[in-house]
Structures are given as C-alpha cells and as structure tokens.
Amino acid sequence: MNPKRILVVGAGHVGLYAALRLSKKLSSREAEVVVVDPQPHMTYQPFLPEAAAGNISPRHSVVPLRRELRKCKVVAGTVTRIDHDRKTAVVQPISGPAREIPYDHVVVAPGSVSRTLPIPGLHEQGIGFKTIGEAIFLRNHVLDRLDVAAATTDPEVRSRALTFTFVGGGYAGIEALAEMEDMARDALRYYPELKPEDMRWVLVEATNRVLPEVDRDMGAYTVQQLLKRNMDIRLDTRLESCVDGVVKLSDGDTFRSDTIVWTAGVKPSPMLDATDFPRDERRRVTCLPTLQVVDGDRVVEGAWSAGDCAAVPDLTKEPGNFCSPSAQHAVRQAARMADNIVNVIRGREPVDYKHKHAGSVASLGLYKGVAQVYGVKMTGYPAWFMHRTYHMSRIPSFNRKVRVVVDWTLAFFLKREVVALGQLHDPREEFVEASQPVGAARV
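If you look the protein chain up in an unreviewed UniProt entry, it shows as NAD(P)/FAD-dependent oxidoreductase from Micromonospora sp. CCTCC AA 2012012. Note on the protein chain: under the UniProt heading Sequence similarities (unreviewed entry), the record states "Belongs to the NADH dehydrogenase family."

And the structure:
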C-alpha cells in the first residue's frame, strides 16, 4: 500500500492537534504527515495575557513543534499557494528557493490575523496582541513607560506615558487590559515617584457590552470590577484617530497615549487568498459538519479545514449558525477532523462535528476572574482558579503542563519579575554604536 501524504498548513491549535492525532492513529505505511509553518512552535494563545504579565515564562506558553511532532515531517516555511486541482502546494522555506509539495489530503488551518480598520495612525501607533512576540513587546513597553514616567519632570510626558489604551472588549482585550494593569500596579511598589492613581487605563469598545460570549450580567460584573480598579471604560465608543499618539474617540474625548493596544477582532489568514478553495462572505473556507471543504453541494475531495479560518456549521444551534472562532472549538474540531481523515483513508465514512459550547472563562488578574460554564456562573477566586485549571489541562504535552504549574507555584512564594528587557527588540543597537569609526557622528 502506497502511503498517503497529508499536508497540514499551519501549526496553530487546529494544525498541531490534528497532526499529533494523525501521527498517532496512522502507521507510516498508511500515511506521511507533513506540517508547514513559519514558526517553530505553536502558541497557546489563552496564556498570552499571563505571559505578558509575567505570571508564566513566555517560553512555557508555546509548544515546540519538532519535540511534539516527532513522527511528522516539519517544514519551516510559508505556503504561498495551494492548487488543489493539482493537489500541490508551493512552499517558501525560511531560506532557499520555493518548492512544490504534492499531497493526497490537505488540512487548511492557517488560523487568523488581527482585523484592523483604516483608522488614521493605527498602523503606526498600534500594538497587536495575538502572538508571543507581541505579548513580550507589550510587557516590556508597559514597564518601560513606567521608567519614563518616573524619570521625567514634565507632567505632560508623564501623563502620556502612564495612559494605556486598549481597543476591543472581547476576551483578548479584557484579559490583556486586566492582567497588564495588575502587573503595572504590582510594579509600582518599586517606583516611589509614582502612585497608582497616576496611571490611566482606558478600554474602548464599539458595542454596549464586553465579553459577548457570556450573559450580559457577567459582562456587567466584569465592567463593575474594572471600574472599581479606577479603569476608564468607554462602551458604545469607537476609536476614530490615534495619529502621533493623540487618541480621538467618537464620544468627543481626546487624550495622549503612548500605548494603544488593538484587540478588536480577527479575520481569516490572508494566505487563503492564494488558494482555490471556496470562501464565504467573511472570507472563511466553507465546510461541512464533517470538516470537509464544500463548494456549494460538491464535496472537495481531500480538502479539510477547521478553526478560525473555516465556516463550520454549528449543529447545536439553528441552521445558518457557525462555530465561534474559539480555542474550545478548534481543539475539538482538530480531533474530529483527524479521525475523519483516518476514516476516509481506511474506507469508512466521516462523522459530523457536534459540540455544544461549554462556556467561557477569563482571568482579570491574579486571583480575579469570571466564568460561565454549562450555565454555572462564578466570579472572583473560584472563576480565576477554574480559568487556570481549564487551560492547564488543555495546553499540549505533559512537559508544558508541568512547567506552567511550576511557574504558578513559584509565584505563590516569589514576587514576579517586573523589569523591562527592551533591548530584546533591538539587540544590535549598542553594538552598532560601539563599532562606529572614531569621530563618526551618532545618529
């Protein structure tokens, strides 16, 4: 029997879990699994806020591909085109010429990217919060702003440095805002020049509520808790401009801010534009409940998709509803999709994906949280504990689970590190300056 080649495009939640399951269920005589991703790791995104706040090591929030996918072939590169009619993908490695990889089955899982709007100044001033690099940058940036504020005697410079603006009231925005404020407040014990009331934390949300995945009363509770921490919550408000750090809001308010974090939604990866797969009006790959790609009434044989980039019907709701772009669905879809690929290779019928959303959990900083799971609502410490327990159980590999638990355990006894390592973002600056010819002017 000639082994089938299964090409997995993207090693996020869907790609990693699917490849891992396929490699365990199929023998080398049945299939070869090839995983293509430009990053050498999978980022467990629910841990980004904790990594940014210093509660866990950033390295422990990512899963090394080559360590976990030892039975798979990992290619460090980017898929630049998929021609499914020929069942061929063009891959650009991180170095060297592009090459074609033929396949029998393809798992299209490039995930999503930040959904931005044409707001003046956003491209130049905004910071995303979707990758581990962005999380580390935000942490260093916030701590650096504390140093700037403590060192200056100019009240306008201090006010601008200590104004932190977050746009988007979904889970990413709320958790990022709450965790970073908690970290900064903790850091102020080492800044006698600054007081907590000197900081201004602003949340801008275009709708009239936060955390749309939970009931309104839970969203209202979250807002109340943030207000108790003296945060500035702007609902039904849009960011209209942030040129040169001058934030202009739709409610007429204007202020200066050195930190503008954009977490207002995601969109399917633009990599899908270089494929011939059918897409819906939101540019997602159209799928059947079996996770097979579908073009109208025709199943696209050998093509599979799931996660943020796929329009997967939600069989637990009325027709016309699709699964939300959450890690909860992505992990379960990956398992169902891998099992269905195994079924097809072995001559069996694929099975529909059906999972009722269990609920959501969110951290609002150390020992603070909100949760709504199977209709049960919790707040405060119990919700925070459930948040940590759930995500610890979901991050892949025993190695990462142990490391995360050790980080949390040490945090009970040791203060978290609150030092900025800004040189990480431009490590050659000092060397370049030192290596200039004697007498050369500094730029």
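Moving on, there is more to tell.
(A) Expanded view of a nonpolar patch on the surface. Taken together, Y367, Y381, F385, F398, V402, V406, L410, F412, F413 and L414 make up a surface patch of nonpolar side chains, about 1,100 Å² in accessible area. Counting only elements with at least two residues in the nonpolar patch, the list comes to helix 10 (380-394) and helix 11 (398-413). It is helix 11 that provides the largest number of residues to the nonpolar patch, a total of 6 residues. Relative to the helices and strands, F412 resides in helix 11. With relative accessibility at 48%, the residue F412 sits in the partly exposed group.

(B) Summary view of the packing of helix 10 against helix 11. Helix 11 packs onto helix 10 with a crossing angle of 150° between their chain directions and a minimal axis gap of 9 Å. Comparing the axis directions of helix 10 and helix 11 gives the class roughly antiparallel. Where helix 10 crosses over helix 11, the two elements pack in a sense that is right-handed. Contact residues: helix 10 offers W384, R388, M392, S393 and R394, while helix 11 offers K401, V405, W408 and F412.

(C) Molecular detail of helix 11. Taking 1.5 Å as the rise per residue, helix 11 with 16 residues should run 22 Å; its terminal C-alpha atoms sit 23 Å apart, in good agreement. Buried positions along helix 11 lie against helix 2 (48-53), strand 4 (62-64), helix 3 (65-68) and helix 10.

(D) Structural detail: the pairing of strand 11 (residues 163-167). Counting buried positions over the 5 residues of strand 11 gives 5, a clear majority of the element. The alternating pattern of strand 11 places T163, T165 and V167 on one face and F164 and F166 on the opposite face, and all of these are buried. Across 5 bridges, strand 11 lies against strand 12 (residues 200-204) in parallel orientation. Residue V167 lies in a different strand from strand 12, and its bridge partner there is V204. In this region the chain leaves strand 11, passes through helix 7 (residues 171-187) and returns to the parallel neighbour strand 12; the handedness of that crossover is right-handed.

(E) Representation of the UniProt feature "domain: FAD/NAD(P)-binding" (unreviewed entry) in the protein chain in the model. Annotation from UniProt places "domain: FAD/NAD(P)-binding" (unreviewed entry) at residues 5-333. For residues 5-333, the end-to-end C-alpha separation is 20 Å, with 28% helix and 29% strand making up the annotated structure.

(F) Region of interest: the sheet that holds strand 14 (residues 239-241). With respect to topology, 3 strands assemble into an open sheet ordered 14-15-16, the strand pairing being antiparallel. At either margin of the open sheet sits one strand with a lone partner, and together these are strand 14 and strand 16 (254-256). Adjacent strand axes in the sheet meet at a mean angle of 35°, parallel and antiparallel pairs treated alike. As paired elements, strand 14 and strand 15 (residues 246-249) share 2 bridges and run antiparallel to each other. For S241, the partnering residue across the bridge sits in strand 15 and is K248.

(G) Representation of unusual backbone geometry in the model. One non-glycine residue with positive phi stands out, namely D236, at about 55°. Look at D244: it is not a glycine, yet its phi comes out positive at around 55°. If you trace the backbone, D244 turns up in the loop between strand 14 and strand 15.

(H) Structural detail: helix 10. Between its terminal C-alpha atoms helix 10 stretches 22 Å, which fits the 21 Å expected from 15 residues at 1.5 Å a residue. Those residues of helix 10 that fall on the buried side of the exposure criterion are G380, A383, W384, H387, R388 and H391. Relative to the axis of helix 10, the buried residues are bounded by an arc of 135° and lie together on one face.

(I) Seen up close, the environment of L424. Residue position: L424 is located in the loop between helix 11 and helix 12 (429-434). On a C-alpha basis, the gap between L424 and Q328 in space is 33 Å, while along the polypeptide they are 96 residues apart.

Scoring rules and cut-offs
- Residues numbered from 1 in each chain as written.
- Predicted model: local features only at pLDDT ≥ 70, side-chain atom pairs only at ≥ 80, totals over all residues.
- Heavy atoms only, no water.
- UniProt positions renumbered as here; feature names shortened; annotations may be inferred.
- Patch = residues over 30% accessible without salt bridge, like charges linked within 9 Å, V, L, I, M, F, W, Y side chains within 5 Å.
- Areas by Shrake-Rupley, 256 points an atom, 1.4 Å probe, with all protein chains shown as cover.
- Salt bridge = Lys/Arg side-chain N within 4 Å of Asp/Glu carboxyl O.
- Helix = DSSP H or I, 4+ residues; strand = E, 2+ residues; numbered from the N terminus.
- Buried < 20%, exposed > 50% of the residue type's maximum accessible area, 1.4 Å probe, protein only.
- Axes fitted to C-alpha atoms, helices over the stretch in contact; angles between N-to-C directions.
- Parallel < 35°, antiparallel > 145°, perpendicular 65-115°, else oblique.
- Left-handed = near helix turned anticlockwise from the far one by under 90°.
- Contact = heavy atoms within 4.5 Å.
- Expected span 1.5 Å × (residues − 1).
- Pairing = 2+ DSSP bridges.
- Right-handed = clockwise from strand over helix to strand, strands pointing away.
- Arc of directions from axis to C-beta.

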